[in-house]
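Observations on chain architecture
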Amino acid sequence: MYKKRAGIIGIAITIVILVILVFLSNVKSGSLSYIENVFSSIVMPLQNGYTYLKNKISGNSNFFANMEELKKENENLKKENSELAQSLRELEIIKAERETLKEYLGLTEKYANYKTIPGYVISRDISNYSSTFVINVGKKDGIKENMTVIADQGLVGYVISTTDKTAKVQTIIDPASAVTANLLHSEESIICKGSLNDKMLKGTYIPTNAEISEGDKLETSGMGGIYPKGISIGEVKSVENTLNVLDRYAWIKPLVDFEKLETVLVITE
């Protein structure tokens, strides 16, 4: 039908052109140039329009057919993309679960001397005033207040409150926290207080005769009633001497990266 319409339009334009040509053949040559210009300005747009219209009409059926095919292909691609995205999410979940199980196994093997319950961090509160987080185990799992919490690298903190299914842990860098530590090379004891300054611990009450310097390692002394002995704490980064030797202190970097901490163990015995 489209081709038939294009043919009729073409015939009409051809008749118009023939009539104009007959008219021009009877016009004097002096007026011919002017009429030629008029002819060109009228006929050429008609010819161009006819050519465009003919090509458009003759290609419409293919154009709409191609559009339908493209639409179907697009829908199929969207479906495939959604299925691939779902598969990727499932693989990521499986991968994360495997990594968590692997970390749990590594922790339980490393701290085989303790009876522990594994857990992972579900929320954090690390601000300028405190450093606590919540784990996914609680009273129903046997978690109680004052139980020690550890990670692969070392000491994390202790449980300060519980619900049936969760427990809140105060980290050793919290300003309200303090732990008695031993210098590994001398067994001298110092107090490591929480300080949110660069996520460091401040070592105080250093004995006057104690030799302490950068790189010294510290672990829990077992004194204080919360933390068992022998859990790694951190490493001395600097020692600040004062006019009064009793007031000197040290900055200690914890071994645990609290911002990246995900998996922990709670020591139940």
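All of these numbers come straight from a predicted model, not from anything done at the bench.

Reading the values: rules and limits
- Residue positions within a chain follow its written sequence, with the count starting from 1.
- Whole-chain, interface and lining totals are the exception, using all residues; otherwise, since this is a predicted model, local features are given only for residues with pLDDT of at least 70 and side-chain atom pairs are given and counted only at 80 or more.
- In computing side-chain values, all of the structure's heavy atoms are included and hydrogens and water are not.
- In short, DSSP must find at least two bridges between two strands for them to pair.
- In this text, helices come from DSSP runs of H or I with a minimum length of four residues, and strands from runs of E with a minimum of two, each type numbered from the N-terminal end.
- To get an axis, fit a line to the C-alpha atoms, keeping to the stretch in contact for a helix; angles then go from 0 to 180 degrees between the N-to-C directions.
- Only heavy atoms matter for contacts: two residues are in contact if any of them lie within 4.5 Å across the pair.
- Accessibility here uses a 1.4 Å probe with only protein chains present; expressed as a share of the type maximum, an area under 20% marks a residue as buried, one over 50% as exposed, and anything in between as partly exposed.
- Pairing of aromatic side chains requires ring centres within 6.5 Å, counting the rings of Phe and Tyr and the six-membered ring of Trp. Pairs whose planes differ by under 30 degrees are stacked, by over 60 edge-to-face, and all others tilted.
- Residue-level confidence of the predictor is summarised by pLDDT, bounded by 0 at the bottom and 100 at the top.
- Salt bridges, as used here, are contacts in which a Lys or Arg side-chain nitrogen is within 4 Å of a carboxyl oxygen on Asp or Glu.

1. A short note on the sheet that holds strand β7 (residues 189-195)
The six strands are arranged β6-β7-β8-β11-β10-β9 in a closed barrel whose pairing can be described as antiparallel. Mean inter-strand twist for the sheet, computed between neighbouring axes without regard to direction, equals 40°. Two strands pair when backbone bridges link them, and strand β6 (residues 178-183) and β7 are joined in this way by five bridges, in the antiparallel orientation. Along β7, the bridge assignment pairs Ala181 with Ile190.

2. Looking at the environment of Glu219
With respect to the element layout, Glu219 can be found in strand β9 (residues 217-220). Through-space distance from the C-alpha of Glu219 to that of Ser189 is 9.7 Å; in sequence the pair is 30 residues apart. Excluding residues that lie within four positions of it along the chain, Glu219 makes contacts with Thr180, Ala181, Asn182, Leu184, Gly230, Ile231, Ser232 and Ile233.

3. Observations concerning the pairing of strand β2 (residues 131-135)
With four of its five residues buried, β2 lies for the most part within the structure. Looking at chain direction, β2 and strand β5 (residues 167-171) are connected through four bridges and run antiparallel. Within β5, the position partnered with Ile135 by the bridge is Ala167.

4. As for the packing of aromatic side chains
Per the stated rule, a full pass over the model turns up two aromatic pairs. Arranged with centres 6.2 Å apart and planes meeting at 80°, the rings of Tyr158 and Tyr227 form a pair that is edge-to-face. A residue pair is termed long-range when its members are at least 10 positions apart, and Tyr158 in strand β4 (residues 155-162) and Tyr227 in the loop between β9 and β10 (232-240) qualify at 69 residues. Taken as a pair, Tyr158 and Tyr227 share a single burial class, namely buried. Geometrically, the ring pair formed by Tyr249 and Trp251 is edge-to-face, given 6.0 Å between the ring centres and 85° between the ring planes.

5. Examining the confidence of the model for the protein chain
Looking at the protein chain, the pLDDT average stands at 77 and 66% of residues meet or exceed 70. In the model, residues 28-32 has pLDDT below 50 throughout and makes one contact with residues more than four positions away in sequence or in other chains.

6. Section: the pattern of salt bridges
Applying the stated rule across the entire model yields four salt bridges. Glu235 is the salt-bridge partner of Lys217, the closest N and O atoms lying 3.5 Å from each other. Highlighted residues: Lys217 in strand β9 and Glu235 in strand β10, separated in sequence by 18 residues. In this structure Lys217 comes out as partly exposed when scored by relative accessible area, which is 39%. Residue Glu235 is classed as partly exposed on the basis of its relative accessible area, which comes to 23%.

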